[in-house]
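These are the residues of each chain, in order.
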Number of protein chains: 4
Amino acid sequence: MSLNTFGHLFRVTTWGESHGPAIGATVDGCPPGVALDAAMLQHWLDQRKPGQNKYTTQRQEADQVEILSGLHEGVTTGTPIQLLIRNTDQRSKDYGDIAEAFRPGHADITYHLKYGLRDPRGGGRSSARETASRVAAGGVARAALAALAPGLTITGYMVQMGGHAIDRARFDWGQIAQNPFWSPDAAAAVEWAETLDALRKSGNSVGAVIEVVARSVPPGLGAPIYGKLDSDLASAMMSVNAVKGVEIGDGMAAAALTGIDNADEIDMGPDGPEFRTNHAGGILGGISTGQDIVVRFAVKPTSSILTPRQTITRSGTSTEIVTKGRHDPCVGIRAVPVGAAMMACVILDHLLLDRGQTGGLRGKIGR
Amino acid sequence: MSLNTFGHLFRVTTWGESHGPAIGATVDGCPPGVALDAAMLQHWLDQRKPGQNKYTTQRQEADQVEILSGLHEGVTTGTPIQLLIRNTDQRSKDYGDIAEAFRPGHADITYHLKYGLRDPRGGGRSSARETASRVAAGGVARAALAALAPGLTITGYMVQMGGHAIDRARFDWGQIAQNPFWSPDAAAAVEWAETLDALRKSGNSVGAVIEVVARSVPPGLGAPIYGKLDSDLASAMMSVNAVKGVEIGDGMAAAALTGIDNADEIDMGPDGPEFRTNHAGGILGGISTGQDIVVRFAVKPTSSILTPRQTITRSGTSTEIVTKGRHDPCVGIRAVPVGAAMMACVILDHLLLDRGQTGGLRGKIGR
Amino acid sequence: MSLNTFGHLFRVTTWGESHGPAIGATVDGCPPGVALDAAMLQHWLDQRKPGQNKYTTQRQEADQVEILSGLHEGVTTGTPIQLLIRNTDQRSKDYGDIAEAFRPGHADITYHLKYGLRDPRGGGRSSARETASRVAAGGVARAALAALAPGLTITGYMVQMGGHAIDRARFDWGQIAQNPFWSPDAAAAVEWAETLDALRKSGNSVGAVIEVVARSVPPGLGAPIYGKLDSDLASAMMSVNAVKGVEIGDGMAAAALTGIDNADEIDMGPDGPEFRTNHAGGILGGISTGQDIVVRFAVKPTSSILTPRQTITRSGTSTEIVTKGRHDPCVGIRAVPVGAAMMACVILDHLLLDRGQTGGLRGKIGR
Amino acid sequence: MSLNTFGHLFRVTTWGESHGPAIGATVDGCPPGVALDAAMLQHWLDQRKPGQNKYTTQRQEADQVEILSGLHEGVTTGTPIQLLIRNTDQRSKDYGDIAEAFRPGHADITYHLKYGLRDPRGGGRSSARETASRVAAGGVARAALAALAPGLTITGYMVQMGGHAIDRARFDWGQIAQNPFWSPDAAAAVEWAETLDALRKSGNSVGAVIEVVARSVPPGLGAPIYGKLDSDLASAMMSVNAVKGVEIGDGMAAAALTGIDNADEIDMGPDGPEFRTNHAGGILGGISTGQDIVVRFAVKPTSSILTPRQTITRSGTSTEIVTKGRHDPCVGIRAVPVGAAMMACVILDHLLLDRGQTGGLRGKIGR
């Protein structure tokens, strides 16, 4: 398996560096006949685009996507779809410091140790810029899902910034697009704005927790034992830059539950089984139940900060480093559309896999 | 890619059902010339074996492993290693209830929905019994690591049961093997014993958090962007039965940190870089730093409990179900050696991958 | 990807050595609900079984297959199917010669060079005994094809032994099972019997060409560009021991054709397109046309012969070697059911892949 | 596994259609530190470029390759290398005929049957234009091989056109680059020129056989049983447009040999084993012997010809079709650099795989 690729049947390979001529995604295995154009992808890319408000990096990138292949007369042909995003804002600045010294908390040192060299310009391949390619590929997945699983929706939002979590009692789907933090809790958004203002002034950054929910997902997606829907989601989310934890349903909190509390009891509804609760996050035994699929992931604080940190250079000399530049004080904000894109890719992939193995048969319950 | 397989170059395919004649693992890609025999694997299997104390299932399984291929004169030949574990305790009991009704929190309903049928005997393929195969395969990985990365150790232990976490101030590596819970905190073990006694009496169960640490791992293992060491670890741990969350380093708590706190500052030591802290859990940009690799995962409470829960039958009728049988009140206990086995497999796989692509070169730091 | 595995969605991993306790196949990705039992597999294994007539090795192997997993109440469950074949005839003979010297034309020397060691007992992993596992797996594929593509048939036969090819004018499907060579030409079978008798007496062996035809294959199977049906067939056949060439349709002879001759002209028939000829062997652009799929492969003569050949030992000393034992004078005979099994696996795999990506839609021709 | 991808560790995904804006290859898994620039790739692309002489298509394509990622300061970084080739000669001609009717011998009808639609412009994805991407990727593989296996060479040449094969007695390596057919036999080249002139005038085309030889390949590359070097080569060559047969060493002719003749006897030379003959084509048991690796493949005649052929339209009506345009009368000529590129990719891939599993150890022969 290739290491810049994910997916089984719907496969996405991303490529490109932060300050090279372009980045992109090679998307293979998309079903044929899916209506698609660049504008549909641009919609999602614009959500992740830098410089949209004062809480994200001020780097200016149009993030304009071009579809170079796999389309004919407005529909996918079933052949690879090449998505190209040119890098327009490659300031010819001096990377001397970063090229010499390793930023703590950053991949500089591990790339150097592994490959013996690295592209220091903007973090090269390890830059969060790579996630634009994921969002574009996720847009393709969404288009295919619209055709194959009408009614299925995928929504990401922020549920915690730094130490401040949303109040679930104030959860409002309608709020999510109304604030720069994708917060479903308007009050939390106000609080977070203050937090970020203070952090930016002090040359600091902060982490976040993102939640992504997929609704109206058909039951039966996923597969034992190592292609479980949840293990693929865990891998997908953990592969996003700066992610340090992934949860399904109750997640880490499941440890504190008893079996009585944790059991999602089942009733028979008019259209099939109905669950009284969703501790499982919509997945049992690695296979979707038909309930909402709920994934959360934690994003660590941006490691590129203006406060000096102790480090060493390539020649082994101790030094202090300060990362100038236009970095996100909370990279978690722009991770919201990225998490949703990864969910879309994983669900489509499992929908195709399930159709391949079982033909999409569904075991009957009830008469 | 096969869905009962994990790994890139060191590949493990497990097979078998809880109450079939046998279970096992097909291990492909092991380096040649590794000293191996069944006793070396048995050592690890005995740690996971049921019925070892009153806190685990009383099912009697010898879990005796046979090596059917891939060995010659005591060393691996580089060809597939077939590991066979016979099921000896297949009580010919009546599975009528479980075959008809779906246990809440269990994969019964999703297997039925996906495949249109399922093997109800002991949970079939979805049984935690499958994890014995992982432990056997992990033993092979450990043997290969002993040859390729001498000094590397992998240790699992429990850090939380139900709501009770260990006190890190009392952490003692020597305690881990001294109590039935693999607790590094002797006092916590006493507390957990009481908790479990009470839960068992009330026909209930409880969740847990396991931590696995790999020490003396070479830097440079892992690869951007979708074959990251941490995304593969997340997938590996999430694929273990009942796991609902995975963390690397600070995990979900990283969200609450600031960039200043999170930076693992670097000094130059006599043998290379030294990090002052390890918030990152030994992985930056998906690649090992050389620090301890720290992974945690949460195991939900056993869903098979003696307390009646509301559910439905295949014909759609509401009913109550009680899962009789010999189930673990805290399946997390036996998940400890399983997590360690998965860590061993993933690290060996990445060691081989890195050697394949880079030849094991290591970028120099210092003169 | 694992190197002892083939297939994309229907995946077969074989394991085991010629003189170990057992060999077998781990079959993953079989659709659920397929009627299957050991007797159905035995039918095919008996075709490949040694010692059935004087033209094949006299090694006595029952080649009895056991199904250890993946079945419940007579149908597949969709989980891995473990097929086990015990080795019963492991003569405790002295392998001293073969262990020391390398047989010309055999994998002895390459295994030694690659792995630094090898299992010399009966050729270990490189023995043609491995092909029994393929035939068993092919039996599973045939059972699934019977359910998914009723009417589809796969037939193998020999079209050339040594320099003697069949006369296509005498081709008779009914003859194939009537002679020990799977010859569709009764006269050729008589000739081949004489050839083999003479070769055996002189301690020699001979090569052969096998043809495998799949009929009533749905159009649309296969995929550009590297998962072509023909490239997967080529890989599958070339992976069989001793195969040195693979042809689709006209094969190597296509080089001598002109474009006018090679064009398989198309008419409209009552049920869809009809082709006047089948130079293409049923595959265009890597995708099935609906015509017969025709594959041929050449098997080199058995390299284990009684005539002394010049070679060297591990210590680099020149020596002559004679391979005693019970070897097939024409290993091509027993390759016939093996080739058919590989065809079955590849076609099922592509049927599942196509269903995954396209849902099995078929572009309409005609009103 | 993705179906537009080949390779295990060195993975190539090609994308793009004949008349879209661009085609290209995403190359993943290249070792870091390999000297590379666009000119090195252009060297190989120029060999395949159309319009170089009167015997190939007159389509005008510069086939200029751009490297969009994976390079820093003139060396590879170990991250994905995106190779982009713009399509410059997309004549805005009317594809009406080809869009409606299916060309016999072409993928038109199978794409339509599989996907329900197809891109008819120049054959879309099924066009031989895709092979430019392979040649570019092969150039990357050659650059890596130059670093990892100095002295290794890969050479392709034509050994048969139509019914006329070269005379091996006249084989001259120096001739290959001296004639438009890559013929090692100058006399054959003269003969072929006449053949092609006549065919072109009569609106016809012809097939060919290409041979590719790799010399100084380390022994030990390849792996049992389904990742054999020869099965991967067979798959790679069969995936090239119009290829209908693949041979290793003696190939199909091996069927006519006896075991005595076929044995490549072994002597001890000063540097290791020496083989008296090379019937095996440098591969035994799927693993390289250290001898020349010899692969041959047959290319069928171009199916796009000026002579009318009988076919049907999408609506099922019978019609005659003539393929106007600038097609190669013998597509085999331009397949020569393509075959060599595929050989380079496969050998590099197996070199990395072998290094991954065995660390490149080589079993000793001699003291």
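Now for a description of the structure that goes with this document. (Residues numbered from 1 in each chain as written. Chains lettered and ligands numbered in written order. Predicted model: local features only at pLDDT ≥ 70, side-chain atom pairs only at ≥ 80, totals over all residues. Heavy atoms only, no water.)

**Brief notes about unusual backbone geometry**
Thinking step 1. Residue A:Pro224 is joined to A:Ile225 through a cis peptide bond whose omega torsion reads -5°.
Thinking step 2. Positionally, A:Ile225 belongs in the loop between β10 (208-215) and α6 (229-238).
Thinking step 3. The residue B:Ala242 is not glycine, and still its phi comes out positive at about 75°.
Thinking step 4. Under the relative-accessibility criterion, B:Ala242 is labelled partly exposed at 23%.
Thinking step 5. The residue D:Glu73 is not glycine, and still its phi comes out positive at about 50°.
Thinking step 6. Relative to the helices and strands, D:Glu73 is located in the loop between β5 (71-72) and β6 (75-76).
Thinking step 7. Taking the relative accessible area as the measure of exposure, D:Glu73 reaches 71% and is therefore exposed. (Helix = DSSP H or I, 4+ residues; strand = E, 2+ residues; numbered from the N terminus. Buried < 20%, exposed > 50% of the residue type's maximum accessible area, 1.4 Å probe, protein only.)

**A closer look at the relation of the copies chain C and chain D**
The two chain copies are related to each other by a rotation about an axis together with a translation along it.
Thinking step 1. With an axial shift of 0.0 Å and an RMSD of 0.0 Å, the rotation relating chain C to chain D amounts to 180°. Expressed as an axis order, the relation between the two copies is that of a two-fold axis.
Thinking step 2. Mapped onto chain D, 100% of the interface residues of chain C are again interface residues, and the two copies thus contact each other with one and the same surface. (Least-squares fit on C-alpha atoms with pLDDT ≥ 70 in both. Contact = heavy atoms within 4.5 Å.)

**Re the interface of chain A and chain B**
Often, the extent of an interface is quoted as the loss of accessible area on bringing the components together.
Thinking step 1. At the junction of the two partners, chain A supplies 112 residues and chain B supplies 112 residues.
Thinking step 2. Carbon and sulfur atoms make up 63% of the surface buried where chain A meets chain B, a total of about 9,000 Å² over both sides.
Thinking step 3. If you sort the residues of chain A by the area they bury against chain B, A:Lys114, A:Tyr226 and A:Lys244 come out on top, with a joint share of 10%.
Thinking step 4. Counting every contact that joins chain A to chain B gives four salt bridges.
Thinking step 5. The salt bridge partner of A:Glu265 is B:Arg309, with a shortest N-O separation of 3.7 Å. (Buried area = accessible area lost by both parts, 1.4 Å probe. Salt bridge = Lys/Arg side-chain N within 4 Å of Asp/Glu carboxyl O.)

**Quick look at the sheet that holds strand β4 (residues 65-67) of chain C**
Residues and elements named next belong to chain C.
Thinking step 1. Overall, antiparallel pairing links the five strands, which are arranged β1-β2-β3-β7-β4 in an open sheet. Either end of the sheet is taken by a strand with one partner, and the two such strands are β1 (5-6) and β4.
Thinking step 2. The pairing of strand β2 (residues 11-16) with strand β3 (residues 22-28) spans six bridges and is classified as antiparallel. Considered in β3, the bridge of Thr-13 is made with Thr-26.
Thinking step 3. Its contacts with the sheet place helix α1 (residues 38-48) against β4 and β7 (81-86), and it is angled at close to 150° to β4. (Pairing = 2+ DSSP bridges. Axes fitted to C-alpha atoms, helices over the stretch in contact; angles between N-to-C directions.)

**With respect to the side chain of C:Ser126**
Thinking step 1. Position of C:Ser126 among the secondary structure elements: in the loop between α3 (108-115) and α4 (131-148).
Thinking step 2. With relative accessibility at 14%, the residue C:Ser126 sits in the buried group.

**Regarding the interface of chain C and chain D**
Thinking step 1. Contacts between the two partners involve 112 residues from chain C and, on the opposite side, 113 residues from chain D.
Thinking step 2. Counting the surface lost from both chain C and chain D, the interface buries some 9,100 Å², and carbon and sulfur atoms represent 63% of this.
Thinking step 3. For chain C, the biggest contributors to the area lost against chain D are C:Lys114, C:Tyr226 and C:Lys244; these three give 10% of the whole.
Thinking step 4. Across the contact surface, chain C and chain D share four salt bridges.
Thinking step 5. Connecting chain C to chain D are 58 residue pairs in polar contact (both at pLDDT 80 or more).
Thinking step 6. Element by element, the count of residues in the side of chain C that touches chain D is highest for α3(C), at seven residues.
Thinking step 7. For the side of chain C that touches chain D, the class distribution of residues is 50 nonpolar, 43 polar and 19 charged.
Thinking step 8. Both strand β11 (residues 243-248) of chain C and strand β11 (residues 243-248) of chain D contribute to a ladder of three bridges, which runs antiparallel. Residue pairing for β11(D): C:Glu247 is matched across the bridge by D:Gly245. (Polar contact = N/O pair within 3.5 Å; in protein donor to acceptor, adjacent residues only side chain to side chain. Nonpolar A, V, L, I, M, F, W, Y, C, P; charged D, E, K, R; others polar.)

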